[in-house]
Amino acid sequence: MKLKELLSGLEILSATADLETEITGISYDSRQVKPGELFAALSGYAADGHKFIPQAMASGAAAALCQVPPEDGTPYVQVADSRRALAVTAGNFFGHPSKSMTMVGITGTNGKTTTTYLLKAVLEARGEKVGLIGTNQNMIGQEILPTERTTPESFELQKLFARMRDAGCTYVVMEVSSHALFLDRVYGVHYRVGVFTNLTQDHLDFHKTMEAYCDAKALLFRSCDTGVVNAADPWTSRLLKNASCRVLSVSSAGEAALKSEDAVLSEDHVAFTAAYEGKRIPVRVNIPGRFMIDNALGVMGAALALGIPLEESASVLARVPHVKGRVEVVPTPGKDYTILIDYAHSPDSLENVLTTVKGFAKGRTIALFGCGGDRDKAKRPKMGRAAADIADLVIVTTDNPRTERPSDIIADILPGLKGSETPFEVVEDRIKAIHWAMDHAGPGDVIVLCGKGHETYQEIGHEKRHMDEREIVADYLRK
């Protein structure tokens with residue numbers, strides 16, 4: 001593709017590169033540049049890509065896409081925002097694949113993954129082929145693709161869209177993270193439906209304030225036709241302040257266009273009546289927890305916005321099994337206690353899952369959790385407090401410490417337990433902590449392994465080491 005075609009739709013501030021040059025691809029990592037590619041110099045938070053322009057050119061890059069022109073004679077194209085320019089050029093390079101499919105984006109602190117899986121099931125029940133992008137994994141129909149982050153960088157995202165389009169996908173259902181919105185990874189993508197689940201404290205290491213976190217999420221509702229929003233969430237009004245979409249409100253706790261009534265909570269499912277425009281439809285979802293009512297309403301609201309009747313989506317929801325890592329039961333043959341795995345890694349999600357378990361546990365609710373390193377430190381004592389307020393026994397351990405010392409992270413959690421009468425144990429090694437929990441569980445107890453969810457690794461330093469909690473439990477039971 002010629003450089004001038006790649007730059008279509010961009011405002012060029014200045015350029016020395018020959019716009020007739022044939023470009024073979026686009027790269028934003030100087031270590032991966034191939035001959036003939038356009039190198040996009042991104043102003044990152046860890047490093048400034050402009051510093052790596054010479055390395056990219058030495059690897060054969062045809063030109064640099066940048067905000068600051070290089071002074072060494074390198075052929076360049078100067079733009080005001082290289083992140084947005086990367087998104088635009090990536091869309092041009094792959095032929096704007098998202099325009100060939102119906103796009104649905106889900107954003108919020110909790111519930112995104114579950115919502116995407118349930119909505120994918122509703123669409124597939126109609127015979128549609130659906131691409132899924134999210135925290136657990138990416139999928140093209142039933143083909144599973146690994147994923148490194150909730151929403152990929154714009155070039156990888158457009159490449160993935162193209163792969164989905166070429167495989168015959170008619171819909172894409174994707175989690176849209178606040179990072180992706182703020183960093184323009186989804187710039188230029190238009191959604192038929194955007195869904196907002198909720199907003200609670202998370203990612204403040206990046207956004208700094210809840211207001212900034214909310215405002216990043218709000219960007220989705222300036223690029224969609226219909227916004228399906230949780231009317232009961234206190235941040236919804238701010239989220240919609242500058243929205244340009246039609247709004248469909250849903251709620252399990254107040255007035256909304258689509259709301260729940262007569263909720264019944266059980267240890268293996270939730271049931272309620274969905275009320276919308278005079279209709280009342282019975283709904284069952286085979287995942288426990290009051291929070292699942294809001295997730296189900298979001299799915300049904302999105303389905304409505306796509307022209308799918310409530311009766312149809314309710315019928316599918318009743319048949320969908322558990323989502324991996326979300327209140328997932330781990331087999332414990334021969335034992336009289338239960339082990340659950342859940343991705344809860346924020347104060348609100350920890351409170352949600354422990355409250356759910358507390359409601360059906362015949363014995364004690366045992367919470368095992370840690371906090372991620374290099375992430376929002378302010379939430380650590382709040383997670384300690386949430387666990388102490390609800391659980392009967394708390395085990396504080398390690399999550400993904402990354403470049404922090406596990407002991408330092410635990411030290412930040414423990415003030416939240418101060419003053420509580422709830423007994424707790426600190427076992428820094430997560431495998432040993434799981435063993436300790438199993439050794440001390442009694443009849444009817446429910447152990448909740450919080451934080452890892454679908455993850456089958458532990459991130460220590462910059463290395464991901466294999467660690468699957470399902471295997472840890474099974475191995476220990478065999479021994």
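Above this text you will find the structure in question.
Enquirer: Would you mind showing me how to read the overall build of the chain here?
Expert: For the chain, the helix and strand inventory stands at 16 helices and 24 strands. By the compact-globule yardstick of 23 Å for 479 residues, the chain fits well, its C-alpha radius of gyration being 24 Å. For the chain, the spread of C-alpha atoms along the principal axes amounts to about 75 × 55 × 40 Å. Within the chain, contacts between residues at least 6 apart in sequence are counted, and of these 65% link residues at least 24 apart. Surface exposure of the chain reaches about 19,700 Å², of which carbon and sulfur atoms provide 50%. In the chain, 53 positive and 61 negative side-chain charges are present, and the distance between their average locations comes to 1 Å.

Enquirer: How should I be thinking about the sheet that holds strand β17 (residues 328-330) in this particular structure?
Expert: In any sheet, the strands associate via hydrogen bonds between backbone groups, in a parallel or an antiparallel arrangement. Read across the open sheet, the six strands follow the order β17-β18-β22-β19-β20-β21; overall the sheet is mixed. Looking at strand neighbours, the two that pair on one side only are β17 and β21 (424-426), the edges of this open sheet. On average, adjacent strands in this sheet sit at an angle of 20 degrees to one another, irrespective of strand direction. Judged from the three bridges that link them, strand β20 (residues 393-396) and β21 form a sheet pairing that is parallel. From the neighbouring strand, V394 faces β21, where its bridge partner is F424.

Enquirer: Can you walk me through the packing of aromatic side chains in this structure?
Expert: How two aromatic rings sit relative to each other is given by the distance of their centres and the angle of their planes. Under the counting rule described, the total for this entry stands at three aromatic pairs. With centroids separated by 5.1 Å and ring planes inclined at 85 degrees, the aromatic side chains of F93 and F94 adopt a geometry described as edge-to-face. With relative accessibility at 16%, the residue F94 sits in the buried group. Taking 5.2 Å as the distance between ring centres and 50 degrees as the angle between the ring planes, the aromatic pair formed by F94 and F155 counts as tilted. Placement of the pair is F94 in the loop between α3 (82-93) and β6 (102-107) and F155 in helix α5 (residues 154-166), with a sequence separation of 61 residues.

Enquirer: Quick question: what am I supposed to make of the pairing of strand β16 (residues 279-285) here?
Expert: On any regular strand, side chains alternate: one points to one face of the sheet, the next to the other face. In terms of strand pairing, strand β15 (residues 270-276) meets β16 through seven bridges, oriented antiparallel. Opposite F272, over in β16, you have V283 as the bridge partner. What sits between β15 and β16 in their antiparallel hairpin is a turn of two residues, with E277 showing a positive phi close to 50 degrees.

Enquirer: Sorry, what's going on with helix α4 (residues 112-124) here?
Expert: Count 3.6 residues to each turn of an α-helix, and residues three or four apart come out pointing the same way. Over its 13 residues, α4 runs 18 Å from end to end, which matches the ideal 18 Å to within 8%, given 1.5 Å per residue. Within α4, 12 of the 13 residues are buried, leaving the element largely enclosed by the surrounding structure. Three or more residues of α4 are buried, namely K112, T113, T114, T115, T116, Y117, L118, L119, K120, A121, V122 and L123.

Enquirer: Honestly, the nonpolar core in this entry has me stumped. Any pointers?
Expert: Soluble globular proteins tend to pack their nonpolar side chains together in the buried interior. Counting residues in each nonpolar core, the largest one holds 72 residues, and the members touching the most others are L258, V285, L350 and F369. The element that contributes the greatest number of residues to this core is helix α10 (residues 291-305), accounting for 10 residues. For L350, the residues in contact, after removing those within four places along its chain, are A344, F369, M383, A386, A387 and C450.

Enquirer: Quick question: what am I supposed to make of helix α12 (residues 347-360) here?
Expert: Its 14 residues place the ends of α12 21 Å apart at the C-alpha level, agreeing with the 20 Å of an ideal helix rising 1.5 Å per residue. Along α12, the residues that are buried comprise P347, S349, L350, V353, L354, T356, V357 and F360. Turning to α12, the residues buried within the fold contact α10, β18 (338-342), β19 (365-369), α13 (379-390) and β22 (446-450).

Enquirer: Explanation requested: the environment of I53 in the structure shown.
Expert: Mapped onto the elements of the fold, I53 is located in helix α2 (residues 53-58). For I53, a relative accessible area of 3% puts it in the buried group. Sequence separation between I53 and C66 is 13 residues; the distance between their C-alpha atoms is 9.1 Å. In contact with I53, not counting residues within four places along its chain, are F39, A41, A64, C66 and T74.

Enquirer: Help me understand the packing of α10 against helix α11 (residues 310-317) in this model?
Expert: The description of two helices packed together rests on the angle between their axes and the distance between the axes. Across the interface, α10 lies against α11 with an axial gap of 9 Å and an inter-helix angle of 140 degrees. Between α10 and α11, the interaxial angle falls into the category oblique. Between α10 and α11 lies a crossing of right-handed hand. On α11, the residues touching A296, V299, M300, A303 and L304 of α10 are L310, S313, A314 and L317. Residues belonging to the contact of α10 with α11 are distributed by class as follows: eight nonpolar, one polar and no charged.

Rules behind the numbers
As a convention, each chain's residues are numbered from 1 in the sequence order in which they are written. Residues qualify for local features only when their pLDDT is at least 70, as the model is predicted, and side-chain atom pairs are given and counted only at 80 or more; totals for whole chains, interfaces and linings, by contrast, use all residues. Processing note: side-chain calculations cover all non-hydrogen atoms of the structure and skip hydrogens and water entirely. A run of H or I in DSSP becomes a helix once it reaches four residues, and a run of E becomes a strand once it reaches two; helices and strands are each numbered from the N terminus. We compute the radius of gyration from the C-alpha atoms alone; for a globule the expected value is 2.2 Å times N to the 0.38, where N is the number of residues. Note on definitions: a residue-residue contact is assigned when non-hydrogen atoms from the two residues lie within 4.5 Å. Note on areas: these come from Shrake-Rupley sampling with a 1.4 Å probe, and a residue is covered only by the protein chains present in the view. When charges are counted, neither His nor the chain ends are considered; positive counts come from Lys and Arg and negative counts from Asp and Glu. Where a charge lies is defined by one atom per residue type: Lys uses NZ, Arg uses CZ, Asp uses CG and Glu uses CD. Strands pair, by our definition, only if DSSP identifies at least two bridges between them. For helices, the fitted axis covers only the stretch in contact; all axes are lines through C-alpha atoms, and the angles between them, taken along N-to-C directions, range from 0 to 180 degrees. When the centres of two rings from Phe, Tyr and Trp lie within 6.5 Å, Trp using its six-membered ring, the rings pair. Their planes under 30 degrees apart give stacked, over 60 give edge-to-face, and anything left gives tilted. Burial status follows relative accessibility: with a 1.4 Å probe on protein chains alone, a residue under 20% of its type maximum counts as buried, one over 50% as exposed, and anything between as partly exposed. A helix's residues, less one, multiplied by 1.5 Å, set its expected span. Among buried residues, the Ala, Val, Leu, Ile, Met, Phe, Trp, Tyr and Cys ones that are joined through side-chain atoms within 4.5 Å form a nonpolar core. Oblique is the label for every angle not falling under 35 degrees (roughly parallel), over 145 degrees (roughly antiparallel), or within 65 to 115 degrees (roughly perpendicular). Left-handed describes a crossing whose near helix is turned anticlockwise from the far helix through less than a right angle; right-handed describes the clockwise counterpart. Each residue gets one label: Ala, Val, Leu, Ile, Met, Phe, Trp, Tyr, Cys and Pro are nonpolar, Asp, Glu, Lys and Arg are charged, and the others, such as Gly, are polar.

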